[in-house]
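Letter by letter, the chains look like this.
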Amino acid sequence: MTGPSASTPLEPSAIHQGEHDYNFGFLDEQTKRHIRRALLKAVAIPGCQVPFGGREMPLPYGWGTGGIQVTASLIGREDVLKVIDQGADGTVNAVNIRRFFARTTSVRTTTRTELASIIQTRHRIPEKALHEGQILVFQVPMPEPLFRLEPRRAETIKLHSLAEYGLMSVRLYEDIAQLGAISRTYDYPVQVNGRYLMSPSPIPKFDNPKLHMSPALQLFGAGREKRLYAVPPYTPVRSLAFDDHPFEVQRWDQACGLCGSAVSFLDEVVIDDAGGRMFVCSDTDHCSGPGIARDPQSAETLAPSGAPASLVPSP
Amino acid sequence: MSDDLLLSVRGAGKRYGSRWACRNVSFDLHPGEVLAVVGESGSGKTTLLKLLSMRLALDEGSVHYAARPDGSGPGGLRDLADLSEARQRMLSRTEWGFVDQNPRDGLRMAVSAGANVAERLMVLGAEHYGRLRDEARDWMGRVELAGDRIDDMPSEFSGGMQQRLQIARNLVTRPRLVFMDEPTSGLDVSVQARLLDLLRSLVDDLGLACVVVTHDLAVARLLAHRMLVMKDGAVVESGLTDRVLDDPHHPYTQLLVSSVLMP
């Protein structure tokens, strides 16, 4: 991305915001450089978890501190940032993080997938195909795919180093034996570039095929666990499965209740207290339904100061 | 003769602090041969077994194993300490088996019987669910477990059945060498007898070499061709099973043989 400033990398470039003076992107330059260095290693070894010195962020763990640190270390003045949470630009986590970067960097923000140069995401990959030059930053709660299967951290590191992933197959086997199908619907384990087993973060398995050979750079940050990993552009990503129980994504009987899209990931929304429900696109930018409030003029690129007024569908 | 060796142990020893748990153990094992290690508790039997199976590192001496040649290295008699960790782990889950005294240590209690049996195949990269199940069912049948219990949890099996399940789990990759740590000691007498029968026929059918640690001389008599008698971490007597049991030389062996209760 464009550098943090034209000056030398370690020279602070402060944002003046009333009585608060923050460095550009909140983190200090030394930390950003350290994170970028770890990211380079992560990109060089696709899917490998790289430890980094995660910092305290002004958000609690579990709110995307890993993703925020990745974004903060990469973002430059020319970048356009989009933040989504469960596909939506208007939910609390997305609004908070977007406002955080608007205040600490003054970069432009957007809700339009194709206009963003950096997209920080929680639990979704946008429906619109990404293009070269874009960076997708995932917020990761638990980077270790073997978590819950092997409790010892030292042992999982050994299993990764020897590429011994039979344990995950045992789990998938057990799902089919007990439930008739692989029950995992999110955080579905993948193997990257034929080597590392990787947690794709809790995205629905619907999004797993989008990881495969994506033209965009995909970075994963886990703040509490202090791990980074990456899927470089055009990297093969395979969702684990058995030959006779192949990987499948979710399908819905109906189309989006707002825009009629039959190809996007749908959320079930309760709309009244009489059991009424509807299915709507989880990706609010993709959803072109009438309930979506959108500024028709300015290509939906927002001023740095604030969050979008209304992005939540009002049925 | 040395072409025919499977395992060659020379001066093996393990120390905990300044105390030697076992020391100066040497023996050879040939393919298809069953060796029993007997001795009272605390004599270093289990430590020796763990040394042989690389669950513990040697403090002195060496263990050589005649590995099959494969992609990760040449065959022939190799010092186990020289093998890469990847090769060691591969060996211990393909060419070797390890039957724990307590089946709950050797089994994965949170997954079904079928997954337990098929695990080694999955580690080796098998990716066809139907074939994994066929193989698991087949091996459950061989250890006299009903195939329709393939999806039951190990905790729903009796102790003897768990032990047989553990044996099936180890044999699924057709190992050449199986280490057993007191395989029958947690079981009641009738179950012990059936398990010993089963072990004997499996060892015959598959040509398995075994190192069986036991304190039960009857187990040694039934299964083993040769035996080692250990006391205080050292081998005090070794030889053909019948010879050692019928004509014990060392005073300790004489004591051991004479202290067996006859019903």
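These numbers come from a predicted model, not from an experiment.

Visitor: For the overall build of chain A, give the residues involved together with the corresponding values.
Guide: For chain A, the count of helices and strands is six helices and 15 strands. Taking all 315 residues of chain A together, the buried fraction comes to 46%. Expressed as a percentage of contacts within chain A between residues at least 6 apart in sequence, the contacts between residues at least 24 apart total 63%.

Visitor: Any details on the domain arrangement of chain A? Residues and values, ideally.
Guide: Residue and element names in this part refer to chain A. In terms of domain boundaries, chain A breaks down into domain 1 (14-147 + 185-232) and domain 2 (251-292). Just the C-alpha atoms count here: the centres of domain 1 and domain 2 sit 26 Å apart. On the side of domain 2, seven residues touch domain 1, which itself brings 14 residues to the contact. Partitioning the side of domain 1 that touches domain 2 into residue classes produces four nonpolar, five polar and five charged.

Visitor: Explain the pairing of strand 6 (residues 118-122) of chain A to me, using residue names and the numbers behind them.
Guide: Residues and elements named next belong to chain A. The buried fraction of strand 6 is high, at five of five residues. Residues of strand 6 alternate between two faces, with Ile-118, Gln-120 and Arg-122 on one and Ile-119 and Thr-121 on the opposite face, all of them buried. Here five bridges tie strand 4 (residues 80-85) to strand 6, and the two strands are oriented parallel to one another. Its bridge partner being in strand 6, Asp-85 is matched across the sheet by Arg-122.

Visitor: For helix 7 (residues 189-206) of chain B, give the residues involved together with the corresponding values.
Guide: In an α-helix, one turn spans 3.6 residues, which is why side chains three or four residues apart end up on the same side. All names here are of chain B. Taking 1.5 Å of rise per residue, the 18 residues of helix 7 would be expected to cover 26 Å, and the 25 Å separating its terminal C-alpha atoms lies within 8% of that figure. Buried within helix 7 we find Gln-192, Leu-195, Leu-199 and Val-203. For helix 7, the arc enclosing every buried residue in end-on projection is 70°, short of the 170-degree limit, so these residues lie on one face. Exposed side chains of helix 7 directed beyond 90 degrees from the buried face belong to Ser-190, Asp-197, Ser-201, Asp-204 and Asp-205. Contact partners of the buried residues in helix 7: strand 3 (34-39), helix 6 (159-171), strand 8 (209-214) and helix 8 (217-223). Of the residues trailing helix 7, Gly-207 is marked for its positive phi of about 60°.

Visitor: Any chance you could break down the confidence of the model for chain B for me, citing the residues and the numbers?
Guide: Looking at chain B as a whole, the pLDDT averages 90, with 96% of positions reaching at least 70. Reported for the predicted complex are a pTM of 0.83 and an ipTM of 0.86.

What counts and what doesn't
- Residues numbered from 1 in each chain as written.
- Chains lettered and ligands numbered in written order.
- Predicted model: local features only at pLDDT ≥ 70, side-chain atom pairs only at ≥ 80, totals over all residues.
- Helix = DSSP H or I, 4+ residues; strand = E, 2+ residues; numbered from the N terminus.
- Buried ≥ 20, exposed ≤ 12 C-beta atoms within 10 Å, placed from the backbone.
- Contact = placed C-beta atoms within 7 Å.
- Domains from an automatic or database assignment.
- Nonpolar A, V, L, I, M, F, W, Y, C, P; charged D, E, K, R; others polar.
- Pairing = 2+ DSSP bridges.
- Expected span 1.5 Å × (residues − 1).
- Arc of directions from axis to C-beta.
- pLDDT = per-residue confidence, 0-100.

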